[in-house]
Amino acid sequence: MADSRFHCPVFASNQLDDPQFDGIILIAKCIDSLPATLDSLKIPLKQYAEIDHSTNHVVILHTTLPSKRLIYSATGPLNRDQDDIRRYADAAGVGVQRAIDAGCKSPLLVCVPEIYTEVEKVTLLGALHTLYVPIEVRVDVPSRVSKFNKLGFYGENLQKTNEIIKICSGLENGRIIARDIGGSDPERMAAPNVAAYLEEVFANSCIKVSVISGHDVFEKDYPLLAAVNRCARLVERHDGRLIILEYEGEGPIDQTLFFVGKGITYDTGGADVKAGGHMAGMHRDKCGAAAVAGFMEVLSTFKPKGLKVISALCMVRNSIGSECYVADEIITSRAGVRIRIGNTDAEGRMVMTDVLCKAKEMALDAVNPHLFTIATLTGHAVLAMGPSYSIIMDNGPARKLGTAYSVQNAGDVMGDPFEISTVRREDYEAAKGPSEYEDVLQCNNSPSSRTDRGHQLPGAFMTMASGLDKHGNDSAKQIPYSHIDVAGSSGPFPGVPTGTPIIALATKYVLGRL
């Protein structure tokens, strides 16, 4: 069993007839794909198929094995041009939920891999996602703290199976941190509470935690963040926090990553208030910062050598009131760029930009640096790519490295998919100040979903307002920067956050170092 300090314990087993399990959850493409070693499962399924030809769904039936229950969840036929490895995660989720409904407490998960290379990991991660219990429930309703007492994972080679469990447990621990922060209500995970939660999570770990607060500090060092926090700071429990998480692996450092996460604990829209019922669900506007925290938990678990990571969680509430910032204000950023506010509901780029500028300053002296912003930033991202895909956009130096394509490939392998967009000249033109009063326009006064290139424009704004445009391909000191918009992929509302893009980032930057 691997470290399961946050999730249901997972055990390796190579015995289908192990009496400790009270059900078997079988994930396969079809009945005919089962190998001879699973004949004890294939026989009852063949009998069932004689009376029901529609077996491309979830079914439960009795077996003579000690577990008695067999829950079969099929991926269905896999079209190589149309399907991807998420079919296994989806089938695992459906199968686990059916096992819960059937009353199972200690089932054995059996996966029959085909086509894709990481089927076992993706299947187990799909099961663990369904087993997540929100922190509100874990704390407030102790009788519902776990959906299973334990989960078995089947594999003929126990050493290989235990290695799969170890990797998936570490990844899932990270996703749980992200779900706890991203999915919890705006009071439980208000900025001071997020800081306290992470101080507890990373106590006695290799992750260094520091917390920055105070209006005077924010105004001096992070004036754009201070503007958004100006109203919320008047309510002590809503006052913003900038949470810095640092990891440094053993040995010579060969790569330094900087992450800046959008952590809007609640987004009212500010003075440009969200109307027409669009405010519900805005406690989820902190899923970018939540994913950054989850990635740091992955680092804490695996401790990859040669890697240094500095992350910043911009935890701020976008409140309404007499002190809230408003459109038409002109604020000078940390980089000395004069910003005209166009819409207070474009607060995410505001809270990240000065922190990105600070990361840029640190990157100038770092070994092989790469900067990232991660945010549930735009409705346009959902409109453009749909509700299941993260979007990644590289600046010039990052594009030369092929960062977006390598992250996309890592996500494809592990079922954490990305689409790639490009920040182009039109986006930089749109972000230029339209008058001599300002250098840069923060946003137009329309929703991103009503704006041409609505998810690319913030990438251009943050690049210009942070001074990163001085470190592009034409610079003597080039700094790679990639912006990730997870507005679509962060998960459904109502529902549980996905924890994306932790899996893709861990696959690219962590797992290869183990």
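Cut-offs applied
- Residues numbered from 1 in each chain as written.
- Predicted model: local features only at pLDDT ≥ 70, side-chain atom pairs only at ≥ 80, totals over all residues.
- Heavy atoms only, no water.
- Helix = DSSP H or I, 4+ residues; strand = E, 2+ residues; numbered from the N terminus.
- Rg over C-alpha atoms; globule rule 2.2 N^0.38 Å.
- Contact = heavy atoms within 4.5 Å.
- Areas by Shrake-Rupley, 256 points an atom, 1.4 Å probe, with all protein chains shown as cover.
- Pairing = 2+ DSSP bridges.
- Axes fitted to C-alpha atoms, helices over the stretch in contact; angles between N-to-C directions.
- Expected span 1.5 Å × (residues − 1).
- Buried < 20%, exposed > 50% of the residue type's maximum accessible area, 1.4 Å probe, protein only.
- 1 Å grid on protein atoms, 1.4 Å probe; cavity = no way out; pocket = protein on both sides within 12 Å on 5 of 7 lines; lining within 4 Å.
- Points joined across faces, edges and corners; volume = space filled by probe spheres on them.
- Nonpolar A, V, L, I, M, F, W, Y, C, P; charged D, E, K, R; others polar.
- Salt bridge = Lys/Arg side-chain N within 4 Å of Asp/Glu carboxyl O.

J.: Report on the overall build of the protein chain, specifying residues and quantitative values.
T.: Of the regular secondary structure elements, the protein chain holds 16 helices and 17 strands. Expected size for 514 residues packed as a compact globule is a radius of gyration near 24 Å; at 24 Å, the protein chain falls within 12% of this value. Its C-alpha atoms give the protein chain principal-axis dimensions of about 80 × 45 × 45 Å. For the protein chain, the proportion of contacts with a sequence separation of at least 24, taken over those separated by at least 6, is 78%. Per element, the accessible surface of the protein chain, about 20300 Å² overall, is 48% carbon and sulfur.

J.: Please provide a residue-by-residue account of the sheet that holds strand E17 (residues 481-485), values included.
T.: Read across the open sheet, the 8 strands follow the order E7-E8-E10-E9-E13-E17-E14-E15; overall the sheet is mixed. Strands at the two margins of the open sheet, each flanked by one partner only, are strand E7 (208-212) and strand E15 (418-422). Sheet twist, expressed as the average angle between the axes of neighbouring strands with direction ignored, equals 20°. Pairing of strand E13 (residues 369-375) with E17, which is carried by 5 bridges, proceeds in the parallel orientation. Considered in E17, the bridge of Phe372 is made with Ser482. This element, helix H13 (residues 403-414), spans E13, strand E14 (390-394), E15 and E17 of the sheet and lies at about 165° to E15. In the packing of helix H16 (residues 502-509) onto the sheet, the strands contacted are strand E9 (255-267), strand E10 (307-318), E13, E15 and E17, and the crossing angle to E9 comes to about 170°.

J.: Talk me through helix H9 (residues 287-302); I want residue IDs and the actual numbers.
T.: For H9, with 16 residues, the first-to-last C-alpha span of 23 Å sits near the 22 Å given by 1.5 Å per residue. Taking burial as the measure, the 16 residues of H9 include 15 buried ones, the bulk of the element.

J.: An account of the layout of surface pockets is requested, with residue identities and associated values reported.
T.: Roughly 1100 Å³ of volume is contained in the largest pocket. Looking at the largest pocket, it is lined by 36 residues, and the ones nearest its centre are Lys274, His278, Met282, Thr378 and Gly379. Among the secondary structure elements, those contributing two or more residues to the lining of the largest pocket are E9, helix H10 (347-363) and helix H11 (379-385). For the lining of the largest pocket, the per-class residue count stands at 13 nonpolar, 14 polar and 9 charged. One number sums up the size of the second largest pocket: a volume of about 590 Å³. Forming the boundary of the second largest pocket are 24 residues, of which Arg86, Ala89, Asp90, Gly415 and Thr498 lie nearest the centre. Only helix H2 (86-102) and helix H3 (119-131) provide two or more residues apiece to the lining of the second largest pocket.

J.: Help me get a handle on the pattern of salt bridges, residues and values and all.
T.: In the structure shown here, the tally under the stated rule is 26 salt bridges. Taking the shortest distance from any N to any O, the salt bridge between Asp285 and Lys262 comes out at 2.9 Å. Within this pair, whereas Asp285 is found in the loop between E9 and H9, its partner Lys262 is found in strand E9, the two being separated by 23 residues in sequence. Among the residues examined, Asp285 registers a relative accessible area of 6% and is labelled buried. As a salt-bridge pair, Glu361 and Arg334 come within 2.8 Å of each other at their nearest N and O atoms. One end of the pair, Glu361, is in helix H10; the other, Arg334, is in the loop between strand E11 (330-332) and strand E12 (338-340), and 27 residues separate them in sequence. Assessed through its relative accessible area of 31%, Glu361 is described here as partly exposed.

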